[in-house]
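Given next are the chains, with one letter for each unit.
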Amino acid sequence: LQASPLFSVGDNVDVFFDGSSNLRWSSNLFNDESGEVDDLLLTLTPGFEVDFVRGESNVDLSLLARYDLLRYHDHNEVDTELAHVKAKGSYEAARLDLTASASFDESQTASSQGQNLPGQLFESEATRVGLEGEYQLSPKFSFGAGVNYYDTKYVSANTVGAFADREEVSVPVDVYYELTPKLDLSLGYSRVEAEVGAAGSAAYDQVTNFYSLGARGELLPKLSGFLKLGYRENEFTNKGMFGADLDFSYAVTQKLNSSLALSRDFGVGGAGDSTENSSIKLRADYSIDEQYSVSANLGYDLRDYQSSDREDDQYSAGVRLDYVLDENWRLSTGYTYSENDSSLALSSYVNHALNLSASLRY
């Protein structure tokens, strides 16, 4: 939505109201393997966005705040409110690009990283801070580096002993070589240090390393994005594997765009187990006209637990229709299918969801 600001302060600050309402029906509210319970959820989300230093060509800074009010039709005992705050900024100079962000999000869910509690919802808090930059060393070479912090805490009383808090710090480093004006090759290394809390077992530290070769930019006519392929090693489990991060976008026609994302990485399950994760995501977006657009997505995730024989196959699919009424209003409706097929008893589920939402930017 390209709305004019609600009001401006001086010449450099714009303030927008960003609000939405969403009505969602779920066939399996608690993601239970048996005894499925459906319910209707109304979410009202007032929010504001403040854009600073407007008019400064090389600086961008904004602050976003939203507050979700969740109200269930049949299960009002799990009604709650959730806060979301995010600050993001960027700086562009002749040879240096910097981006920074910090956010805090509260969430309510029935499943997290393959872990669920039959017949219950639970809440968590996530804090993220990131700083990344790229410096042009010469006309052909550039250097990129960053540091990212991620902290997850489960705050509901019913998660004690079932879920593991965790902190992660990742440091990516890349050297880029300009092969053509539209394509760069890369040599990269990233290190992720995770401190995993106790959930029925002792706390531990997990360190993973990723050595990669890659490319970014326009790989083929109409095909753009990035890929990193290489070797990942897990110092905690003393295991290594082929690693991948890939995200491509392909312009099929002027109105139809498709995307593909692949990932193979080490991770941490909701209860704190070390895992190997593989995922593939497909998406297509079609612009019917200036007001109507439709999108569809498919996804598959495989989570292999290293300390047991457990494997989870997760499937997802969805379709969505958007209608932009004007520069202030957007209406949308959609359907989502999600399934978790787990070898662990009481951890499989199927869920169908329908939603109708309206967004206002003013």
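In what follows, the structure referred to is the one given above.
Residues numbered from 1 in each chain as written. Predicted model: local features only at pLDDT ≥ 70, side-chain atom pairs only at ≥ 80, totals over all residues. Heavy atoms only, no water.

## Comments concerning the pattern of salt bridges
Taken as a whole and judged by the stated rule, the model has 19 salt bridges. Put simply, Asp18 and Arg361 hold a salt bridge, and the shortest N to O gap is 2.6 Å. Pair noted here: Asp18 is in strand S2 (residues 13-26) and Arg361 is in strand S22 (residues 349-361), with a separation of 343 residues, a long-range link. Classification of Asp18 as partly exposed rests on a relative accessible area of 23%. We classify Arg361 as buried; its relative accessible area is 12%. (Salt bridge = Lys/Arg side-chain N within 4 Å of Asp/Glu carboxyl O. Helix = DSSP H or I, 4+ residues; strand = E, 2+ residues; numbered from the N terminus. Buried < 20%, exposed > 50% of the residue type's maximum accessible area, 1.4 Å probe, protein only.)

## As for a nonpolar patch on the surface
A surface patch of nonpolar side chains, amounting to about 890 Å² of accessible area, comprises Tyr135, Leu137, Phe141, Phe143, Val175, Tyr177, Leu179, Leu185, Leu187 and Leu213. Of all elements in the fold, only strand S11 (141-154), strand S12 (166-180) and strand S13 (183-196) reach the threshold of two or more residues within the nonpolar patch. Per-element tally for the nonpolar patch: the top contributor is S12, with 3 residues. The topology assignment puts Leu137 in the loop between strand S10 (122-136) and S11. (Patch = residues over 30% accessible without salt bridge, like charges linked within 9 Å, V, L, I, M, F, W, Y side chains within 5 Å. Areas by Shrake-Rupley, 256 points an atom, 1.4 Å probe, with all protein chains shown as cover.)

## Some remarks on the environment of Gly272
Secondary-structure assignment places Gly272 in the loop between strand S17 (256-268) and strand S18 (274-287). Classification of Gly272 as buried rests on a relative accessible area of 9%. Taking the C-alpha atoms as reference points, Gly272 and Ser258, 14 residues apart in sequence, are found 35 Å from one another. Those residues in contact with Gly272 that lie beyond four places of it in its chain are Ala164, Val196 and Tyr204. (Contact = heavy atoms within 4.5 Å.)

## As for the side chain of Asp312
Along the chain, Asp312 falls in strand S20 (residues 311-324). Reaching out from Asp312, the side chain makes a polar contact with the side chain of Arg310 at a distance of 2.7 Å. Within polar-contact distance, the side chain of Asp312 engages the side chain of Ser342 at 2.6 Å. Look past the residues within four positions of Asp312 in its chain and what remains in contact with it is Gly114, Asp301, Leu302, Arg303, Tyr305, Asn340, Asp341, Ser342 and Ser343. (Polar contact = N/O pair within 3.5 Å; in protein donor to acceptor, adjacent residues only side chain to side chain.)

## Digging into unusual backbone geometry
Working note: non-glycine residues mostly have negative phi, and peptide bonds are mostly trans. Residue Asn31 is not a glycine yet carries a positive backbone phi of 50°. Within the secondary structure, Asn31 is located in the loop between S2 and strand S3 (39-45). On the basis of relative accessible area, Asn31 is assigned to the buried category, the value being 9%. A positive phi angle, near 80°, is found at Lys222, a position not held by glycine. In this structure, Lys222 sits in the loop between strand S14 (204-220) and strand S15 (223-234).

## Here's the deal with the packing of aromatic side chains
Centre-to-centre distance and the angle between the planes together describe a pair of aromatic rings. Within the structure shown, the criterion is met by 9 aromatic pairs. Here the aromatic rings of Phe141 and Tyr177 are separated by 5.2 Å at their centres, their planes lie at 50°, and the arrangement is tilted. In this pair, Phe141 is assigned in strand S11 and Tyr177 in strand S12, connecting sequence segments 36 residues apart. Judged by relative accessible area, which is 39%, Phe141 ranks as partly exposed. A relative accessible area of 32% means that Tyr177 is categorised as partly exposed. Ring geometry for Tyr204 against Phe236: centres 4.2 Å apart, planes inclined by 20°, an arrangement best described as stacked. With a gap of 32 residues between them, Tyr204 in strand S14 and Phe236 in the loop between S15 and strand S16 (239-251) connect regions that are remote in the sequence. Three or more aromatic residues joined by ring pairs form one cluster here, namely Phe122, Tyr154 and Phe163. Sitting above the plane of the Tyr176 ring, Arg216 keeps its charged end 3.6 Å from the centroid. One Lys or Arg, Arg232, reaches over the ring of Phe210 and ends 3.7 Å from the middle of that ring. (Phe/Tyr/Trp six-rings, centres within 6.5 Å; stacked < 30°, edge-to-face > 60°. Lys NZ or Arg CZ within 6 Å of the ring centre and 35° of its normal.)

## Points about the environment of Asn209
Within the secondary structure layout, Asn209 lies in strand S14. Judged by its relative accessible area of 2%, Asn209 is buried. The spacing of Asn209 and Glu168 is 41 residues in sequence and 13 Å in space, taken between C-alpha atoms. Not counting residues up to four positions away in its chain, the partners in contact with Asn209 are Tyr189, Ser190, Arg191, Tyr231, Arg232, Glu233 and Glu235. Here Arg191 takes part through its side chain, which lies 3.3 Å from a polar atom of the side chain of Asn209. Side-chain polar atoms of Asn209 contact the side chain of Glu235, separated by 2.9 Å.

In short, the description is geometric, and any link to function would need to be established separately.
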